[in-house]
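Chain residues, written in single-letter form:
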Amino acid sequence: AGVTTTTDHIYIDADNKKLNIGDGSDLQLYHTGSRSEIINNTGDLIIQPGASSNLFLRSQTGAAHFKGVHAAQVELYWNGNKRLETSSVGVSITKDLDVDGHTNLDNVSVAGVSTVTTFLQVLGQAGTSDKGFEVRANSTQNTDTNKAIRIRNNSNTDSFNISYKGKVTATELD
């Protein structure tokens, strides 16, 4: 009970012995013998670097996992290689983005090759299934009447079609 001051290291020379900080062990630091843990039992845990400093989480080899740049972007790494970076205008992903399930995207710019394995639909009017551009890839519908590529006009009728077997039909518009 009091103040301890040292000018040297502080050692807890045993596994599973905790450095408890705060009334009621609010913050605990310890090593189990196989991993190290920081446990916060009260409120938020804030890790804040100094002014003009960055925040890093690294692997044992020193490869970056996470980098928080002072007053700027956040970067996520895989095996030491940057894969995602935030900016004032959004997020940049340096490799592939794999999305599983239903995804709503607005104002997306795609560079390079995009692969759609089942169905791509570009709607002319939000929330409706009419007007716009459709590309379907479904081998079970491989007939002359089923459309692989379809463009619909404002009257919600097909104006251009290519069937799965390559038959092209076009309707002249006024």
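One can find the structure itself at the top, above this paragraph.
Calculation rules
- Residues numbered from 1 in each chain as written.
- Predicted model: local features only at pLDDT ≥ 70, side-chain atom pairs only at ≥ 80, totals over all residues.
- Heavy atoms only, no water.
- Helix = DSSP H or I, 4+ residues; strand = E, 2+ residues; numbered from the N terminus.
- Buried < 20%, exposed > 50% of the residue type's maximum accessible area, 1.4 Å probe, protein only.
- Contact = heavy atoms within 4.5 Å.
- Areas by Shrake-Rupley, 256 points an atom, 1.4 Å probe, with all protein chains shown as cover.
- Pairing = 2+ DSSP bridges.
- Axes fitted to C-alpha atoms, helices over the stretch in contact; angles between N-to-C directions.
- Polar contact = N/O pair within 3.5 Å; in protein donor to acceptor, adjacent residues only side chain to side chain.

(A) A look at the overall build of the protein chain. Counting secondary structure elements, the protein chain contains zero helices and 13 strands. Traced from its N-terminal end to its C-terminal end, the protein chain shows the element sequence β-β-β-β-β-β-β-β-β-β-β-β-β. Per-residue burial over the protein chain gives 12% buried out of 174 residues. Long-range contacts, defined as pairs at least 24 residues apart, comprise 3% of the intrachain contacts of the protein chain with a sequence gap of at least 6. Total accessible area computed for the protein chain in this model is approximately 14200 Å², and 50% of it derives from carbon and sulfur atoms.

(B) How the structure looks around the sheet that holds strand 1 (residues 19-21). One open sheet holds the three strands; their spatial order is 1-2-3, and the pairing between them is antiparallel. With one partner strand each, in any of the chains shown, strand 1 and strand 3 (36-40) form the two edges of the open sheet. The sheet shows a mean angle of 10° between the axes of neighbouring strands, taken without regard to direction.

(C) Structural view of the environment of His-31. Here His-31 is to be found in strand 2 (residues 27-31). With 16 residues separating them in the primary sequence, His-31 and Asp-15 have C-alpha atoms 5.6 Å apart. Leaving out residues up to four positions away in the same chain, His-31 has contacts with Asp-15, Asn-16 and Ser-36. Separated by 3.1 Å, the side chain of His-31 and the backbone oxygen of Arg-35 make a polar contact.

(D) Expanded view of the sheet that holds strand 4 (residues 55-58). In spatial order, the strands read 4-5-6-7-8; together these five strands make up an open sheet with antiparallel pairing. Of all strands in the sheet, those with a lone pairing partner are strand 4 and strand 8 (90-93), marking the two edges. Direction aside, neighbouring strands of the sheet carry axes that sit 10° apart on average. As defined by bridge partners, strand 4 adjoins strand 5 (residues 64-68) across four bridges and the pair is classed as antiparallel. Each residue of the ladder has a partner; that of Phe-56, found in strand 5, is Lys-67.

(E) Structural context of the side chain of Glu-75. Locating Glu-75 in the fold gives a position in strand 6 (residues 74-78). Residue Glu-75 is classed as buried on the basis of its relative accessible area, which comes to 4%. One polar contact links Glu-75 to Gln-73, side chain to side chain, over a distance of 2.8 Å.

Note that every value here comes from positions in space, so none of it alone points to a role or purpose.
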